[in-house]
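Structural overview for review
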Amino acid sequence: MLESVTAGFIRSATQLPPEVLARVVDEALARWRHGGREASKATKILSASEFSAIDHAVRSALLPRAAELNSFREQLHSDAIGTTEIAARAVLKRARIADEHLRVLVEPFRAVGVAVPPQEV
């Protein structure tokens with residue numbers, strides 16, 4: 001089971017309209033070469049159960065929207081899953097990763113109004 005802050009982040013992120021999710025994905029991909037890849041690696045400190053819980057929560061929320069997202073842009077459903085899961089891992093482990101890593105992974109979501117908790121817990 002996920003902590004309430006991470007679960008809330010996932011709920012908010014997966015409810016974004018397709019055009020907003022597409023912007024988030026594009027921004028996250030643009031950041032990939034500028035710290036995103038390194039930041040993503042820093043979040044791999046999850047236990048198997050934490051990883052599974054995030055994966056299940058994100059996929060369960062986005063699966064009913066697959067046709068809607070892919071009709072807006074091909075592969076948006078899959079891209080949104082990956083982008084949201086990586087950011088959710090950063091939110092869950094926010095106290096254990098560098099502030100810069102947290103920022104680079106969640107800023108695309110924060111920029112469109114998704115609440116992101118501070119690093120301190």
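Model, not experiment: these values are computed from the prediction. (Residues numbered from 1 in each chain as written. Predicted model: local features only at pLDDT ≥ 70, side-chain atom pairs only at ≥ 80, totals over all residues. Heavy atoms only, no water.)

Focus: the confidence of the model for the protein
Looking at the protein as a whole, the pLDDT averages 93, with 98% of positions reaching at least 70. For the protein, helix α2 (residues 18-42) is the element with the lowest average pLDDT, namely 91, and helix α4 (residues 66-72) is the one with the highest, namely 98. (pLDDT = per-residue confidence, 0-100. Helix = DSSP H or I, 4+ residues; strand = E, 2+ residues; numbered from the N terminus.)

Considering helix α1 (residues 4-14)
All buried positions along α1 are accounted for by Thr-6, Ala-7, Gly-8, Phe-9, Ile-10, Ala-13 and Thr-14. For α1, the elements touching its buried residues are α2, α3 (48-62), α5 (76-92) and α6 (99-110). (Buried < 20%, exposed > 50% of the residue type's maximum accessible area, 1.4 Å probe, protein only. Contact = heavy atoms within 4.5 Å.)

What about the packing of aromatic side chains?
Geometry of an aromatic ring pair is reported as the spacing of the ring centres plus the angle between the planes. On inspection of all chains with the given rule, the structure shows one aromatic pair. Arranged with centres 5.2 Å apart and planes meeting at 70°, the rings of Phe-9 and Phe-109 form a pair that is edge-to-face. Of the two residues, Phe-9 sits in helix α1 while Phe-109 sits in helix α6, which places them 100 residues apart along the sequence. Taking the relative accessible area as the measure of exposure, Phe-9 reaches 2% and is therefore buried. What makes Phe-109 buried here is its relative accessible area of 0%. (Phe/Tyr/Trp six-rings, centres within 6.5 Å; stacked < 30°, edge-to-face > 60°.)

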